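Overview (structure and organization)
As a plain string of letters, each chain reads:
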Amino acid sequence: MSWPWPRVQQASHSLLALAVHESRMTLRGRAGWVGGIAACALAFADAALRPHLPLVGGFRASTFGGPLILTPFAIVFIAGAARRDEALAAAEVVGSRPFPGYRLSLARMLGQFGLTLLLYAILIVCSLLPSLVFAGKFASPLTPIHAFARGIVPLLYIAALTYCAVALARNALAAAVVAVYWLFIQLWGDFLARIFNFALTQNWPTYAAVGLAAVLGTLAIQRRLERAPGGRWPALLPVAAVVMLLLGVGDAWQRTAHGHDKPLHQDALMLEMAAQHPDGSPRMPGFWLPDQHGRGFSLSQTNGRVLVVCFWSPHRPGSATALEMLRTLSAEFPADQVACVAVCLSNDHAISAHVASEGRYRFPMVTDVGTHYAGRVEGCSPIAEACLVTDVPRLFVTDRARRVVADPGNISGATIDQVRATVRQALATPVPPVID
Amino acid sequence: MVIALRIEVKGLSKTYEGGVTALRPTDLEIGDGVFALLGPNGSGKTTFMRMLATLLEPTEGTALIDGHDIRRDRQGIRRLLGYLPQDFGLYPTLTVEEQLDYMALLSEIADRAARQAAVVRVIEQANLGDFRKRRVGELSGGMRQRLGIAQALLKEPQLLIIDEPTSGLDPEERIRIRSLLAELGGDRVVILSTHIVADVEATADSLVILRLGEVLFTGTIEELLARTRGRVWMCEVPRERLHEMKEQYVFTGVYRAGDRMRIRVVGEGVDGVPAEAAEPALEDAYLDVMAVAESAAGEP
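Residues numbered from 1 in each chain as written. Chains lettered and ligands numbered in written order. Predicted model: local features only at pLDDT ≥ 70, side-chain atom pairs only at ≥ 80, totals over all residues. Heavy atoms only, no water.

Next up on the list: the sheet that holds strand β5 (residues 68-69) of chain B. All names here are of chain B. The strand order across the open sheet formed by four strands is β2-β1-β4-β5, and the pairing between neighbours is antiparallel. Bordering the open sheet on either side are β2 (21-30) and β5, each of which pairs with just one other strand. Pairing geometry for strand β1 (residues 7-15) and β2, over six bridges, is antiparallel. Across the sheet, the residue bridging to T15 is T21, located in β2. (Pairing = 2+ DSSP bridges. Helix = DSSP H or I, 4+ residues; strand = E, 2+ residues; numbered from the N terminus.)

If you want it as structure tokens, here you go:
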């Protein structure tokens, strides 16, 4: 059996050419332009409210611009594309062609997904423009790349579900069901187990697999309905769909059983971390959390050094200034004397690593993997609870014995000079003898 | 040169859900040239064509197109086929060229150069050269119809099925479409449906007359005319007798002749009025066939 490379090449060439025509159709429609411009203008306006640093714009693009502004437009356009032939009475002209309908569906999806991603890329640029226009700061090349990477799976997942629902139900109103699901997760995702939130980066494998399973399953059903000839591997599509679904479910199972979604009251380490309290002890509560490289980082690794800990969140634009402060301190003071650590309070586990590489931060940036929505900062994570963090960004400075020397209530609004002075004071504080 | 194919229709019928019979069991053989389906609205022409185009599942029977069964080998038939439905939509935001390129892709012309060549050829054939960059949504009815035919011709189909191609067109455009169809019938099978007799007269080699899903006649135009020869009459009657005559005879033409009316009727003869036999036209023959069927069915 010879490898059918020329046929595969030809088929993919046709799919691509059809996909280009498909995206062109949506793009040339007046609704497409109005939707695209409106989405980009909203993203620009949103980022213009927080023009401090480009990374904030990038973050907003992936948490607001993509999921909240672009997705509804994408749902409408993709639902329209899935029923275009029926709406334009072109179904018979198209249906009498030898090109299989399920492959045309695939080309349509590719065209619409491509257009959605193009719009998303433009939207990210619009989100980064305010920092250049109003603050004169260029984004790191990694900022748009990361923002794109964070938004791509949720967008495509919803796009795929929309196309599949409309194509299978043969009714554009099926998109409304997907829209309700999308809205539910956007509004209530924080109150569900995080595995249900398709917008979180750590859930990427689950939702990429489930989305792909939906696409493959839909194509398999369409192929069966149109009684397309078997071809070389007739069972390939349904088997691939089932495999992808199993992979997705398996990943979700594995993640909830062993990963971030373990309930806090069942996780001994989390409970122990939450039980620490600075009121009862002058020592900074300890923690063991993954850093930007995915390696575990323990506060005990900084023993004997003055410690500057910054609690930050990408949702709070002031965090960018606090991280810059940490960079200055880590550059000014020798690493064997002063250790700077940033603790990210976000339920998206990729943010810390993304910000570290975008800002070229060399100090440990850990992610509090227990972070969840709680309505108040101190309740959102065990570490925040242990440290009585009521607002972010928040800086703690400890002496070499890890005793907090700065008043945590005041230092968050401090200038770099004040923090520098506090660090010097901590360096000068004698370490008490260890009592066995 | 495309080699023409043969179509064998064997007991093909269609009954829709709800019990409406659109086509009664039909046997036909269709060969080279232009084959017309003639009949009033609701006679089953579109149903027949949609079944041949593999867009509608027959209730019973089948048809073999160049040996491919419409029930079992849809893809095989679609590779031979160019189809234009009566009410068709195209993508209004694409240009004529882009639309044809899109349809060429759906016709499995994957190679870019081959596609471009096909698009140029059909644009030429359909006389759309001046509009190749125009958006489909900006085309007039006639131009859209020509574009519709052009898309059906992309893969040089051996079988072209066109439903009511001249419906709603102005006379000039209608003549242009007829000429194009007559030209196309030279080297392929063209099946066209119409309720306009003049279209058939201008383009078809053979025809089938349908009424309420039943085949009333099948054969060449000459055969149909021969059947009506000796049954067409011209006579002059006073105006006041016109209404009475209409009740008795099948009129195929009424003309003014001073203060009298000159009428053309089909039937066995005309009683009580001097009448001269006339050479039958296709319209006379069609109306005669329909009238015979109606009277056999006991309709007035």
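A separate point is the pairing of strand β3 (residues 33-38) of chain B. Residues and elements named next belong to chain B. A large share of β3 lies buried, amounting to six of its six residues. As judged from the six bridges shared by β3 and strand β8 (residues 189-194), these two strands associate in the parallel manner. Across the sheet, residue F35 finds its bridge partner in β8, namely I191. Here β3 pairs with strand β9 (residues 206-211) via four bridges, running parallel. The residue of β9 that forms the bridge with L38 is I209. (Buried < 20%, exposed > 50% of the residue type's maximum accessible area, 1.4 Å probe, protein only.)

Contacts between the two partners involve 30 residues from chain A and, on the opposite side, 35 residues from chain B. Both faces considered, chain A and chain B share a buried interface measuring about 2,900 Å² in area, 57% of it formed by carbon and sulfur atoms. Inspection of the chain A/chain B interface yields three salt bridges. Between B:E98 and A:R24 there is a salt bridge, and its shortest N-O distance comes to 3.6 Å. If you list the elements that add at least two residues to the side of chain A that touches chain B, you get α1 (5-28), α4 (84-87), α5 (91-95) and α6 (101-135) of chain A. No other element matches the 10 residues that α1(A) contributes to the side of chain A that touches chain B. Per-class residue counts for the side of chain A that touches chain B are 13 nonpolar, seven polar and 10 charged. (Contact = heavy atoms within 4.5 Å. Buried area = accessible area lost by both parts, 1.4 Å probe. Salt bridge = Lys/Arg side-chain N within 4 Å of Asp/Glu carboxyl O. Nonpolar A, V, L, I, M, F, W, Y, C, P; charged D, E, K, R; others polar.)

Before going further, it helps to spend a moment on the side chain of A:S62. All names here are of chain A. Among the secondary structure elements, S62 is positioned in helix α3 (residues 54-82). Of the polar contacts made by the side chain of S62, one reaches the backbone oxygen of F59; its length is 3.0 Å. Within polar-contact distance, the side chain of S62 engages the side chain of R150 at 2.9 Å. In this structure, S62 is in contact with P67, Y120, A147, R150 and G151, ignoring residues within four places of it in sequence. (Polar contact = N/O pair within 3.5 Å; in protein donor to acceptor, adjacent residues only side chain to side chain.)

The next point concerns the packing of aromatic side chains. The tally for this structure, following the rule as stated, stands at 10 aromatic pairs over all chains. Consider the rings of A:Y181 and A:F198, whose centres lie 5.6 Å apart with planes at 45°: the pair is tilted. Of the two residues, A:Y181 is situated in helix α8 (residues 174-188) and A:F198 in the loop between α8 and α9 (204-225); the sequence distance between them amounts to 17 residues. When the ring of A:F198 is compared with that of A:Y207, the centres are 6.1 Å apart and the planes differ by 70°; the resulting orientation is edge-to-face. Put simply, the rings of A:Y157, A:Y181, A:F198 and A:Y207 pair up and form one aromatic cluster. Between B:R144 and the ring centre of B:F88, over which it is positioned, the NZ or CZ distance is 5.2 Å. (Phe/Tyr/Trp six-rings, centres within 6.5 Å; stacked < 30°, edge-to-face > 60°. Lys NZ or Arg CZ within 6 Å of the ring centre and 35° of its normal.)

Residue and element names in this part refer to chain B. Helix α4 (residues 112-125) packs onto helix α3 (residues 96-106) with a crossing angle of 125° between their chain directions and a minimal axis gap of 9 Å. As far as their axial angle goes, α4 and α3 are oblique. Once α3 is placed against α4, the crossing between them reads as right-handed. Here V96, E97, L100, D101, A104 and L105 of α3 lie close against α4, whose contacting residues are R115, V119, V122 and I123. Split into classes, the residues belonging to the contact of α3 with α4 amount to seven nonpolar, no polar and three charged. (Axes fitted to C-alpha atoms, helices over the stretch in contact; angles between N-to-C directions. Parallel < 35°, antiparallel > 145°, perpendicular 65-115°, else oblique. Left-handed = near helix turned anticlockwise from the far one by under 90°.)

This part covers helix α12 (residues 319-332) of chain A. Across its 14 residues, α12(A) extends 20 Å between first and last C-alpha, which sits within 8% of the 20 Å expected from 1.5 Å per residue. For α12(A), the complete set of buried residues consists of A:S319, A:A320, A:A322, A:L323, A:M325, A:L326 and A:L329. (Expected span 1.5 Å × (residues − 1).)

All names here are of chain B. In terms of residue burial, strand β7 (residues 159-163) counts as a mostly covered element, since five of its five residues are buried. Burial of β7 is two-sided: the residues L159, I161 and D163 facing one way and the residues L160 and I162 facing the other way are all buried. Bridge count for strand β6 (residues 81-84) against β7 is four bridges, and the pairing is parallel. Note that in β7 the partner of L81 across the bridge is L159.

That's the geometry; what it means functionally is another story.
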